[in-house]
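# Analysis of the macromolecular model
Each chain, letter by letter, is given below.
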Amino acid sequence: MDSLVHSVHAGCTGPGKCYPLYTVAYGNEMLPTSIPDIQQTNLAYTILMLKAMGINDLLSFDFMDPPPVQTMITALESLYALSALDNEGLLTCLGRKIADFPMDPPLAKMLIASVKFGCSKEILSIVAMFMQWLERRKFL
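Presented here is an overview of the structure given in this document. (Residues numbered from 1 in each chain as written. Predicted model: local features only at pLDDT ≥ 70, side-chain atom pairs only at ≥ 80, totals over all residues. Heavy atoms only, no water.)

## Describing the overall build of the chain
Short version of the rule: Elements are defined by DSSP. Helices are runs of H or I of four residues or more, strands are runs of E of two residues or more, and each kind is numbered from the N terminus. In this description, contact between two residues means that some pair of their heavy atoms is separated by no more than 4.5 Å. Note that accessible areas follow from Shrake-Rupley with a 1.4 Å probe, and for residues the cover is restricted to the protein chains shown.
Helix and strand content of the chain: seven helices and zero strands. Counting contacts in the chain only where the partners sit at least 6 residues apart, residues at least 24 apart contribute 48% of the total. Accessible area of the chain: about 10500 Å², with a carbon and sulfur share of 62%.

Now the structure itself:
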């Protein structure tokens, strides 16, 4: 009966084989529903993208799964510290450049600054290795 229940949960409703990907004990430890990604990640990049699209009133933005307000404030503060936002919370010229890079804002700013210091090749290698490490960490 247990395998039947697992196969139905996996979407297998016809004949065939069902191979469990985890033990029953591990399955019992899992949350009934997963936590939305927006509530697990650094929101700085998401907020930067919203600002780049012209959405400035983030506290009243209709998120499907709204992140905690304190998390949004922390992300706004980090963008301000990177000079991506001005005193009024609006996107700066540097913030627009950072928004063009599909990565965490601190890494994007590092790449932009590397041009000034003539070390773009080295910083690009470091950023690429760091992003690869972050991707692998997601699956551990």
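## Side note on helix α3 (residues 44-52)
Stated precisely, the cut-off is as follows: Under the scheme applied here, a residue whose accessible area is under 20% of the maximum for its type counts as buried, over 50% as exposed, and between as partly exposed, the area being computed with a 1.4 Å probe on protein chains only. For this quantity, the arc is that covered by the directions from the helix axis to the C-beta atoms.
Ala44, Ile47, Leu48, Leu50 and Lys51 are the residues of α3 that are buried. Angular distribution of buried residues about the axis of α3 spans 160 degrees; they occupy a single face of the element. At its buried positions, α3 is contacted by α4 (69-81), α5 (93-99) and α6 (105-117). Immediately downstream of α3, the backbone of Gly54 shows phi near 90 degrees, a positive value.

## Considerations on the packing of aromatic side chains
Each aromatic ring pair is summarised here by two numbers: the centre-to-centre distance and the angle between the ring planes. This is how it is decided: Think of it this way: a Phe, Tyr or Trp ring, Trp meaning its six-membered ring, pairs with another when their centres are within 6.5 Å, and the plane angle makes it stacked under 30 degrees, edge-to-face over 60, tilted otherwise.
Taken as a whole, this structure holds two aromatic pairs when the rule is applied. Ring centres 4.8 Å apart and planes at 80 degrees place the aromatic pair Phe61 and Phe63 in the edge-to-face group. In this structure Phe63 comes out as buried when scored by relative accessible area, which is 12%.

## Notes on the nonpolar core
For the record, the criterion: Residues enter a nonpolar core if they are buried and are Ala, Val, Leu, Ile, Met, Phe, Trp, Tyr or Cys, with the set joined through side-chain atoms within 4.5 Å.
Residues Ile47, Leu48, Met72, Leu79, Met103 and Val127 are the most contacted members of the largest nonpolar core, which totals 21 residues. Only α3, α4, α5, α6 and α7 (120-138) provide two or more residues apiece to this core. With four residues, the top contributor of residues to this core is α3. Apart from residues lying up to four places away in sequence, Leu48 is in contact with Leu79, Ala84, Leu91, Gly95, Ile98, Ala99 and Pro105.

## Brief notes about α6
For an α-helix, the turn length of 3.6 residues means that residues three or four places apart are oriented alike. Note the following rule: Here a helix's expected span is defined as the number of its residues, less one, multiplied by 1.5 Å.
Here α6 is 13 residues long and its end C-alpha atoms lie 19 Å apart, about the 18 Å a rise of 1.5 Å per residue gives. If you check which residues of α6 are buried, you get Pro105, Leu107, Ala108, Leu111 and Ser114. Following α6 by one or two positions, Gly118 has its phi on the positive side, about 70 degrees.

## Remarks on the packing of α3 against α4
Our working definition: The axes used here are C-alpha line fits, helices contributing only the stretch in contact, and every angle between their N-to-C directions lies in the interval 0 to 180 degrees. Any angle from 65 to 115 degrees is called roughly perpendicular, while one under 35 is roughly parallel, one over 145 is roughly antiparallel, and all others are oblique. In this count, Pro and Cys sit with the nonpolar residues alongside Ala, Val, Leu, Ile, Met, Phe, Trp and Tyr, while Asp, Glu, Lys and Arg are called charged and the others, Gly among them, polar.
Relative orientation of the contacting elements α3 and α4 amounts to 75 degrees, with a least axis distance of 9 Å. By the angle between their axes, α3 is roughly perpendicular relative to α4. Contacts between α3 and α4 involve Ala44, Ile47, Leu48 and Lys51 from the former and Met72, Ala75, Leu76, Ser78 and Leu79 from the latter. Residue composition of the contact of α3 with α4, grouped by class: seven nonpolar, one polar and one charged.

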